[in-house]
Amino acid sequence: MQDIGADITECDLSRDGVITGRWVSKPKSQPDSAASVDMLSSQFVIGTLLILLLGNLILALLLPDMLEKTTLQAVERSNLQVADQVKLTRKYYSENVVARIRKAGGPITADWDWRNNPNHIPLPATMTLDLGDLMKSADTRVELYSPYPWPSRATRKMDDFQSSAWVTFQSDPFAVVQRRDVIHGKRVLRVAVADRLVSEACVSCHDTDVNSPKKDWKLNDVRAVMEVTKVVEPDLAAAELLGHHILLGTSIASLIVALALMLIKTQAQMRARERDQMFARVTEMAYIDTLSGVANRGRFMELAGERLAKAETSFVALIDIDHFKDINDDFGHAAGDEVIVEIGRRLTTFAGQGMTVGRFGGDEFILAGAIQTGGATPLDIARDIVDLIHEPMRYRGILLDLSASIGCADNGRGFKTLPQMIVDADDALYRAKNAGRNRAVQFDEAIHDQRTRRRRIEKLLQQAVTDESFELHFQPVLDIGSRRIVGMEALLRLREPGGSYIPPSEFIPIAEDMRLIVDIGAQVIRNSLRIGKNWPAPVTIAINLSPGQFLTRSSDGRNLVETIQAAIDETGVLPIRIVLEVTESVLLADSDAVISQLESLKSMGIRIALDDFGSGYSSLGYLWKFGFDVLKIDQSFAKGVQSNPQQLEEIVRSIVSLSHTLGMVVIAEGIETDGEREFFTNLGCDGLQGYLIGRPMATDRIAPVLLRNLKEVADGAAQRQLDFGLEESIYAWRLRLSNRHN
């Protein structure tokens, strides 16, 4: 397949039609989304994984300390709450129990050695120590330490922590001192607060106590260090376990996130690859003709336009495969597709790297390239391609005989654009087809003049259809037996602005190419009947029909039968006065559709004539298959009267005899000399038409001609009654035929 994404910077055209060149890759208009997604997703995934890894690392480093600190803070708050509860309990006990007992007097007194005397109750400090003993089972211990020589605390010496706390409380009695420690192999948290005198009752009790180390106590004086010690081993172990669980959970979560990211990345890459593949397919559909493998029309115009703009002289060649429809009809569309593929391969090989090959659709290819000074001409290259394509192709064991018609054109040394060259090449291709196909034609001034004239005719046709400004001329048909004009054939005329007429042989094919022939034909039918309705009843109105009128509806949506019926309804012309002339090409167009409409027209009473018999396929089968009423022998027979009368006589005699046997009237066309008139009269023809009988005439000349003919007939047959009734004019030929055969 040709690399349509490349560009040419240098190219030379050699004599054998191959251009050598250096190709430079052309940047893609669409980036590789799969690569882009892969790069972006990889960066994202790697970045996310690094963040997760860093997060887990930081968490592993900081989490244990954070959990330990949090746990110790919780234990500290718990110890402070215990200390506060003990203080409240002691205060309540001092104010509401001990103070009342002392005030009331009596046998009950508060003493530190209360267990050995039933009339004693514990001192507040003793009660505090007893509460601490009760809490030991919960791994919590409450103790009081003081440097004062209290008898009950003589055995309790302060350690460095308690001594440090005592010093602190002297300056800040509201301070909290704590320290982590290991006691008996267990990690504990020691929290110390000041044991202060918080009520006047406590101050009074201390001042009056005989064992008090001093007598001048004041409120908020620190009398001891209250230490709450709690074993934190279980709490720290639980925190460490929680930390392990958290780290494990975050690790698992990170792994899940990583796997999810990898899955997302994989899916994104798959979707990106699918988008790239879809873009590649869309690009191929947008740029490449999928059947032949060469550039399509749009891509060809883009590439060729860029390349040829760099060349001083360049050319294009339009290549049309000859009789491609026949290949499809005879061997099937699969064979046609194989031909397209093979032609694309051959042209791609022929073009090499220097020319641009494209397919414009159907069976039409195009090739463009630069011309090297002194090298092969466009016509030389086109002829080489004709020879290349003409090589047979094997399809399923069958050799297909291929050929092509080619039109080529150059850029006029830089004065023409690529679209202009294509238009020129198309006109040259049209000339090549008309010249017999399997050949190459180069655009020249003659073709240019022909194209200019064609464009002018196209405009005239379009305007004439819109304005219904076509003219109708009529050529008479003479009945040999009666010497009377029994019919007028309508002939279409198109006048140029200068006043001259364009030959129908020139503008009718153009009208068919423009698909205007059906609407033109509808206008001819209407206007012919409008004009002919005023003629004498014996005179028939002959109208030529084209194949397109049988197969296509007119712009008002009517088919041929409906168009004729509408014209009859409008004008009131009897159907028996209408003769519709068709050629053998009509019968080849679509037998079923044509036969159906011909039968409908005949059932209306309209006569059908086979025109130009002998000019084309001349199948005698048409004569009996379609049941024609009239057979018109082509004018080419009249041209041969002088050159080969003996051989022609036998042919015409056979045609006339067969036609009469089938009940048809025979009219000889193209009669221009007396010798031709005598020749066809002697062979039994029933009617004559040609310049000798009368040239095509404008509408205003028809009445004088008919009157003059009537006078001539009357002068030559004074004894006959001149009754030109309908039966005489139409059926006289058949009556004479009947008498002839009887």
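A brief look at the structure comes next. (Residues numbered from 1 in each chain as written. Predicted model: local features only at pLDDT ≥ 70, side-chain atom pairs only at ≥ 80, totals over all residues. Heavy atoms only, no water.)

1. Describing the pattern of salt bridges
Oppositely charged side chains are able to pair whenever their charged atoms sit close together. Under the definition given, this model contains 39 salt bridges. Of the charged contacts, one joins Asp320 and Lys433 as a salt bridge, the two residues approaching to 3.5 Å between their closest N and O atoms. Taken as a pair, Asp320 in strand E9 (residues 314-321) and Lys433 in helix H10 (residues 418-434) lie far apart in primary sequence, 113 residues in all. Here Asp320 falls in the buried class, since its relative accessible area comes to 7%. Taking relative accessible area as the criterion, Lys433 reaches 27% and is therefore assigned partly exposed. Residues Glu496 and Arg453 are paired through a salt bridge, measuring 3.6 Å at the closest nitrogen-oxygen approach. Of this pair, Glu496 sits in the loop between strand E17 (485-495) and strand E18 (501-502) while Arg453 sits in helix H11 (residues 445-467); the two residues are 43 residues apart in sequence, bridging distant segments of the chain. Judged by its relative accessible area of 14%, Glu496 falls in the buried class. Judged by relative accessible area, which is 22%, Arg453 ranks as partly exposed. Shared partners join several salt bridges into a network, and the residues in it are Lys416, Asp424, Asp427, Arg451, Arg454, Arg455, Glu458 and Asp513. (Salt bridge = Lys/Arg side-chain N within 4 Å of Asp/Glu carboxyl O. Helix = DSSP H or I, 4+ residues; strand = E, 2+ residues; numbered from the N terminus. Buried < 20%, exposed > 50% of the residue type's maximum accessible area, 1.4 Å probe, protein only.)

2. Focus on the nonpolar core
The biggest cluster of nonpolar side chains holds 77 residues, and the ones touching the most others in it are Leu461 and Phe680. Top element by residues in this core is helix H13 (residues 517-532). It accounts for 7 residues. Leaving out residues up to four positions away in the same chain, Phe680 has contacts with Phe637, Ala638, Val641, Val652, Ala668, Ile671, Cys685 and Leu688. The next biggest cluster of nonpolar side chains, apart from the first, holds 35 residues, and it includes Phe324, Ile327, Val339 and Leu400. (Core = buried A, V, L, I, M, F, W, Y, C linked by side-chain atoms within 4.5 Å. Contact = heavy atoms within 4.5 Å.)

3. Topic: the sheet that holds strand E8 (residues 222-231)
Taken together, the 4 strands give an open sheet; going across it, the order is E5-E8-E7-E6, and neighbouring strands pair in antiparallel fashion. Only two strands of the sheet have a single partner each, and these edge strands are strand E5 (140-145) and strand E6 (176-183). Direction aside, neighbouring strands of the sheet carry axes that sit 25 degrees apart on average. Pairing of strand E7 (residues 186-196) with E8 involves 9 bridges; the strand directions are antiparallel. From the neighbouring strand, Val191 faces E8, where its bridge partner is Val228. Of the strands in this sheet, E5, E6, E7 and E8 touch helix H3 (residues 160-171), which is tilted by about 135 degrees from E8. (Pairing = 2+ DSSP bridges. Axes fitted to C-alpha atoms, helices over the stretch in contact; angles between N-to-C directions.)

4. Some details on the pairing of strand E22 (residues 630-633)
Residues of E22 alternate between two faces, with Val630 and Lys632 on one and Leu631 and Ile633 on the opposite face, all of them buried. The pairing of E22 with strand E23 (residues 665-668) spans 4 bridges and is parallel. Along E23, the bridge assignment pairs Val630 with Val665.

5. Focus: helix H6 (residues 297-308)
Here H6 spans 16 Å end to end across 12 residues, near enough to the 16 Å set by a 1.5 Å rise per residue. When H6 is considered as a whole, its buried residues turn out to be Arg299, Phe300, Leu303, Ala304, Arg307 and Leu308. Looking straight down H6, one finds its buried side chains confined to an arc of 135 degrees; they lie on one side. (Expected span 1.5 Å × (residues − 1). Arc of directions from axis to C-beta.)

6. Looking at H11
In this model H11 runs 33 Å from its N-terminal to its C-terminal C-alpha over 23 residues, within 8% of the 33 Å that 1.5 Å per residue would give. Residues of H11 that are buried include every one of Ile447, Arg451, Arg454, Ile457, Glu458, Leu460, Leu461, Ala464 and Val465, and no others. Taken together, the buried residues of H11 touch H10, strand E15 (440-442), E17, E18, helix H12 (504-513) and H13. Between the side-chain oxygen at the start of H11 and the backbone nitrogen of Ala446 there is a gap of 3.2 Å, and the oxygen is on Asp444. Immediately downstream of H11, the backbone of Glu468 shows phi near 50 degrees, a positive value. (Polar contact = N/O pair within 3.5 Å; in protein donor to acceptor, adjacent residues only side chain to side chain.)

7. Points about the layout of surface pockets
Here the largest pocket defines a volume of roughly 1,300 Å³. Leu491, Pro504, Asn544, Asp611 and Asp612 are the residues nearest the centre of the largest pocket, which is lined by 38 residues in total. Going through the elements one at a time, E17, H12, H13, helix H14 (547-551), strand E20 (578-582) and strand E21 (607-613) are the ones with two or more residues in the lining of the largest pocket. (1 Å grid on protein atoms, 1.4 Å probe; cavity = no way out; pocket = protein on both sides within 12 Å on 5 of 7 lines; lining within 4 Å. Points joined across faces, edges and corners; volume = space filled by probe spheres on them.)

8. Comments concerning empty space enclosed by the protein
Counted under the stated rule, the structure contains 2 cavities of 30 Å³ or more. There is about 50 Å³ of room inside the second largest cavity. Looking at the second largest cavity, the residues that line it are Val518, Gly521, Ala522, Ile525, Gln549, Thr552, Arg553, Ser554, Arg558, Asn559, Leu560 and Thr563. Among the elements of the structure, H13 and helix H15 (560-571) are those that each provide at least two residues to the lining of the second largest cavity. Per-element tally for the lining of the second largest cavity: the top contributor is H13, with 4 residues. Partitioning the lining of the second largest cavity into residue classes produces 4 nonpolar, 6 polar and 2 charged. (Nonpolar A, V, L, I, M, F, W, Y, C, P; charged D, E, K, R; others polar.)

9. Here's the deal with the side chain of Asp427
Relative to the helices and strands, Asp427 resides in helix H10. Judged by relative accessible area, Asp427 falls into the buried class, the value being 11%. Setting aside residues no more than four positions away along its own chain, Asp427 makes contact with Phe443, Ile447, Arg451 and Arg455.

10. Some thoughts on the sheet that holds strand E11 (residues 364-370)
Working definition: the strands of a sheet are paired by backbone hydrogen bonds and lie parallel or antiparallel to each other. Spatial strand order, E10-E11-E9-E14-E15: 5 strands in an open sheet with mixed pairing. Edge positions in the open sheet fall to strand E10 (356-361) and E15, since each of these has one partner strand only. The sheet shows a mean angle of 20 degrees between the axes of neighbouring strands, taken without regard to direction. By the bridge criterion, 5 bridges tie E10 to E11 in an arrangement that is antiparallel. Among the inter-strand pairings, Gly361 is bridged to a residue of E11, identified as Glu364. Of the strands in this sheet, E9, E11, strand E14 (404-410) and E15 are in contact with helix H9 (residues 378-389), which crosses E14 at around 160 degrees.

11. Some points on the packing of helix H8 (residues 333-351) against H9
The N-to-C vectors of H8 and H9 enclose an angle of 140 degrees; their axes lie 11 Å apart at closest approach. Taken together, the axes of H8 and H9 are oblique relative to one another. Considering how the two elements wind past one another, H8 and H9 form a crossing that is right-handed. Between H8 and H9, the residues in contact are Ile343, Arg346, Leu347 and Phe350 and Ile381, Asp384, Ile385, Leu388 and Ile389, respectively. (Parallel < 35°, antiparallel > 145°, perpendicular 65-115°, else oblique. Left-handed = near helix turned anticlockwise from the far one by under 90°.)

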